[in-house]
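Structural features, examined
What follows is the residue order along each chain.
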Amino acid sequence: MNKDTINEFYTYLQEVLRVYTDLLPVLQDEVRQIGEDDVAALDETLKQQQVMLLKTRNFDVRVGEYLDKLGISAQTLAETILKLPEDERFRFYAFLGEFDQTMEQVCFYRDKCKEMLQAKLYRIDKQMAALVGARDVTTYDKNAGEVASPLHPKNFEKKI
């Protein structure tokens, strides 16, 4: 196996890890901004996230290219590590541990944001229902047929 390709692969994985590590404070800001109802700051935070995640969009393709160059066929990084020369495995295992820890934090903050947004949408839905009260909210389609519709789409409702 080519040592230079292994080093390039490791460097690429480190770059991806850095993106996710940099994403953590942005996600923490998002949690705070949702809690504070700071829509303008939240918009900027979401734009930052999009830019950061665009850097990892071809991850599977790039990893596949490195595996092809190395002559390795594997479905996971753990499988890949086992097929690397023994003297290379430790740093890849260390990377894998760090990556798993970082992704666990990323998932925690993403889930937290999702829960907070769902709770806010639920409160908005309740407030809108209370404001409308018993008013008729019947709408009509293009053929003047009655269409009973809520005040807003139920796209964000959580299915139980």
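Everything below is about the structure shown above.
Bear in mind the structure is a predicted one, so any value in this text is a computation, not a measurement.

Some words on the overall build of the protein chain
- Scanning the protein chain for helices and strands turns up 5 helices and 2 strands.
- Ordered by position in the sequence, the α and β elements of the protein chain form the string α-α-α-α-α-β-β.
- For the protein chain, buried positions account for 30% of its 160 residues.
- Taking the intrachain contacts of the protein chain between residues at least 6 apart in sequence as the baseline, contacts between residues at least 24 apart amount to 67%.
- Here the protein chain has roughly 11300 Å² of accessible surface; of this, 54% comes from carbon and sulfur atoms.

A few points about the nonpolar core
- Judged by nonpolar contacts, the single largest core of 35 residues is most densely connected at Phe9 and Phe92.
- At the level of elements, helix H1 (3-35), helix H2 (39-54), helix H3 (59-70), helix H4 (77-83) and helix H5 (86-132) are the ones that each hand at least two residues to this core.
- The greatest single-element share of this core, amounting to 15 residues, is contributed by H1.
- Apart from the residues within four sequence positions on either side, phenylalanine 92 is in contact with Ile6, Phe9, Tyr10, Leu13, Ile81 and Leu84.

Criteria and cut-off values
- Residues numbered from 1 in each chain as written.
- Predicted model: local features only at pLDDT ≥ 70, side-chain atom pairs only at ≥ 80, totals over all residues.
- Heavy atoms only, no water.
- Helix = DSSP H or I, 4+ residues; strand = E, 2+ residues; numbered from the N terminus.
- Buried < 20%, exposed > 50% of the residue type's maximum accessible area, 1.4 Å probe, protein only.
- Contact = heavy atoms within 4.5 Å.
- Areas by Shrake-Rupley, 256 points an atom, 1.4 Å probe, with all protein chains shown as cover.
- Core = buried A, V, L, I, M, F, W, Y, C linked by side-chain atoms within 4.5 Å.

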